[in-house]
Amino acid sequence: MRTTVGIIGAGPAGLLLARLLHNAGIDSVVLESRDRAYVEHRQRAGILEQGTVDVLRAAGAGERMDREGLPHDGIELRYDKKRHRVDFPALTDGRSVMVYAQTEVCKDLIALQLKDGGPLLFEAEALAVEGADTDTPRVRFRHEGREDVLECEYVVGCDGFWGVARKAIPAELTKVFERTYPFAWLGILADVPPSHDELVYARHDRGFALLSMRSPSVTRLYLQVPEGTDAGSWDDEEIWDELERRFETDDDWTLERGPITQKSVTPMRSYVHEPMRHGRLFLAGDAAHIVPPTGAKGLNLAVGDVVTFARALTNRKETGSAERLDAYSETCLRRVWQAERFSYDMTSLLHRAPDATPFEDRMQLARLERITGSRAAETDLAEGYTGFPFG
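Residues numbered from 1 in each chain as written. Predicted model: local features only at pLDDT ≥ 70, side-chain atom pairs only at ≥ 80, totals over all residues. Heavy atoms only, no water.

- Naming follows an unreviewed UniProt entry, where the protein chain appears as 4-hydroxybenzoate 3-monooxygenase of Streptomyces doebereineriae.

Next up, the structure:
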């Protein structure tokens, strides 16, 4: 089996890359280890930056997003029972975000790929990337009970943190930067309309809480919990009671309760692998970097990576120059580190560490007062949240 670009992983990054390459007249093959139902139903991110929204529209994958997604022009910060709205368009020359679940993005891109794109193989497990430092890299994979080889000109690893792509980069050439946080998020899905029309980020002495949504009738909520927490150790009433405490305000706002349909715990970590390229192997998304979810950056960073690669390869096709491909890692990492910085800032601003001192508590409140009292500080938050430009 032969193609120009072998793509490992059919998450939003791999699927969008296949679409971008198809639109540029470049053939690809996508290998996904899971079945289609799994890919279309795994719950992940739900906030799309302005740049991601623009790219999906330009790629022809924005019709249902524009019809069913929820445009958001701001977020609300809560602390000390106070409420402050951050108005994105007013601070960023009109930029905003879209609430549209990763599952829906994947459904849209899968439908397009199967309709008029290149091969998309589900239950095709990538086993190894070979010859990454040659002009003819290969992906060994297992599909329908037998091993096969995908011969490529380029390989893009969109296969997540545990995938095989990153393992093909020699350890002596890599640097890893990481931080593990001493807390996690207990997340729930509830069949109840959201209690606010925009996301609410709450800093509380008992820990962080986030009110989000998946649709006008489904609410997504999160609680800061100790690292290693078992989601099953919290019963439904305990969760709702704790959410009420952390979202409490001085006015008459109330949190609406409803049936909880899903519980999960998300660990918190920051991770960057450098470089993001070795020979003709390119890493994208979680294969190269992970951010804590506080800044809503994970999916959007992956989109930035594949947009950078697609533009670089299209330029190579049109001009013969490999300059942009050679600069891929450096270009992506500039944006990655800004997103890591923003996500770290949001996490340290809103979460209470288990060993936090009264001084650190007051520092958090001082930082929040600075954001809510200074247009410059508020603008910095709004610019980071709505997204850094794609390189």
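Let's pick the thread back up.
### Some details on the packing of aromatic side chains
Consideration 1: Under the definition given, this model contains 16 aromatic pairs.
Consideration 2: Judged by centre distance (5.2 Å) and plane angle (85°), the ring pair of F282 and Y328 falls under edge-to-face. Separated by 46 residues along the polypeptide, F282 in strand β19 (residues 281–283) and Y328 in helix α10 (residues 328–350) bring together distant segments of the chain.
Consideration 3: Judged by relative accessible area, F282 falls into the buried class, the value being 0%.
Consideration 4: Of the residues examined, Y328 reaches a relative accessible area of 0% and is grouped as buried. (Phe/Tyr/Trp six-rings, centres within 6.5 Å; stacked < 30°, edge-to-face > 60°. Helix = DSSP H or I, 4+ residues; strand = E, 2+ residues; numbered from the N terminus. Buried < 20%, exposed > 50% of the residue type's maximum accessible area, 1.4 Å probe, protein only.)

### Describing the pattern of salt bridges
Consideration 1: Across all of its chains, the model carries 43 salt bridges by this definition.
Consideration 2: The shortest N-O distance in the salt bridge between R206 and E242 comes to 2.7 Å. You can see R206 sitting in the loop between β14 (199–203) and β15 (209–215) and its partner E242 sitting in helix α7 (residues 236–247), a full 36 residues away along the chain.
Consideration 3: Overall, the relative accessible area of 48% leaves R206 in the partly exposed class.
Consideration 4: A salt bridge links K263 to D236; the nearest nitrogen and oxygen atoms lie 2.9 Å apart. (Salt bridge = Lys/Arg side-chain N within 4 Å of Asp/Glu carboxyl O.)

### Quick word on the sheet that holds strand β11 (residues 146–151)
Consideration 1: Taken together, the three strands give an open sheet; going across it, the order is β9-β10-β11, and neighbouring strands pair in antiparallel fashion. Of all the strands in the sheet, the pair left with one neighbour each is β9 (124–130) and β11. Taken pair by pair, the neighbouring strands of this sheet meet at an average axis angle of 25°, ignoring direction.
Consideration 2: Both strand β10 (residues 138–143) and β11 contribute to a ladder of six bridges, which runs antiparallel. Bridging across to β11, R140 finds its partner in V149. (Pairing = 2+ DSSP bridges. Axes fitted to C-alpha atoms, helices over the stretch in contact; angles between N-to-C directions.)

### Some words on the environment of L114
Consideration 1: Inspection of the secondary structure assignment puts L114 in helix α6 (residues 102–116).
Consideration 2: If we skip the residues at most four places from it in the chain, L114 touches R36 and L120. (Contact = heavy atoms within 4.5 Å.)

### Describing the pairing of β14
Consideration 1: Counting buried positions along β14 gives five out of five residues, so the element sits mostly inside the fold.
Consideration 2: In β14, alternate side chains face the same way, and those of L199, Y201 and R203 on one face and V200 and A202 on the other are all buried.
Consideration 3: Strand direction decides the pairing type here: β14 and β15, joined by three bridges, are antiparallel. By the bridge assignment, Y201 is partnered in β15 with L210.

### Here's the deal with the side chain of R203
Consideration 1: Assignment of secondary structure puts R203 in strand β14.
Consideration 2: Its relative accessible area of 4% is what places R203 among the buried residues.
Consideration 3: Of note is the side chain of R203, whose polar atom sits 2.7 Å from the side chain of D205.
Consideration 4: Within polar-contact distance, the side chain of R203 engages the side chain of D361 at 3.3 Å.
Consideration 5: Ignoring anything within four residues of it in the chain, the contact list for R203 reads R78, Y79, D80, L349, L350, D361, Q364, L365 and L368. (Polar contact = N/O pair within 3.5 Å; in protein donor to acceptor, adjacent residues only side chain to side chain.)

### Comments concerning helix α8 (residues 298–319)
Count 3.6 residues to each turn of an α-helix, and residues three or four apart come out pointing the same way.
Consideration 1: When the terminal C-alpha atoms of α8 are compared, their 32 Å separation across 22 residues agrees well with the 32 Å that a helix rising 1.5 Å per residue should span.
Consideration 2: When you tally the buried positions in α8, you get 16 out of 22 residues, the bulk of the element.
Consideration 3: The first or second residue beyond α8 is G320, which carries a positive phi of 85°. (Expected span 1.5 Å × (residues − 1).)

### With respect to the UniProt feature "domain: FAD-binding" (unreviewed entry) in the protein chain
Consideration 1: With numbering aligned to this structure, UniProt lists the feature "domain: FAD-binding" (unreviewed entry) at residues 2–343.
Consideration 2: Secondary structure within residues 2–343 divides into 31% helix and 33% strand; the distance between the first and last C-alpha atoms comes to 39 Å. (UniProt positions renumbered as here; feature names shortened; annotations may be inferred.)

### Thoughts on the packing of helix α1 (residues 12–23) against α6
Consideration 1: Where α1 contacts α6, the axes come no closer than 9 Å and their chain directions differ by 35°. Seen along the crossing, α1 lies across α6 with a hand that is left-handed. In this structure, α1 contributes P12, L15, L16, A18, R19 and H22 to the contact, and α6 contributes Q102, V105, C106, L109, I110, L112, Q113 and D116.
Consideration 2: Considering only residue class, the contact of α1 with α6 consists of nine nonpolar, three polar and two charged. (Left-handed = near helix turned anticlockwise from the far one by under 90°. Nonpolar A, V, L, I, M, F, W, Y, C, P; charged D, E, K, R; others polar.)

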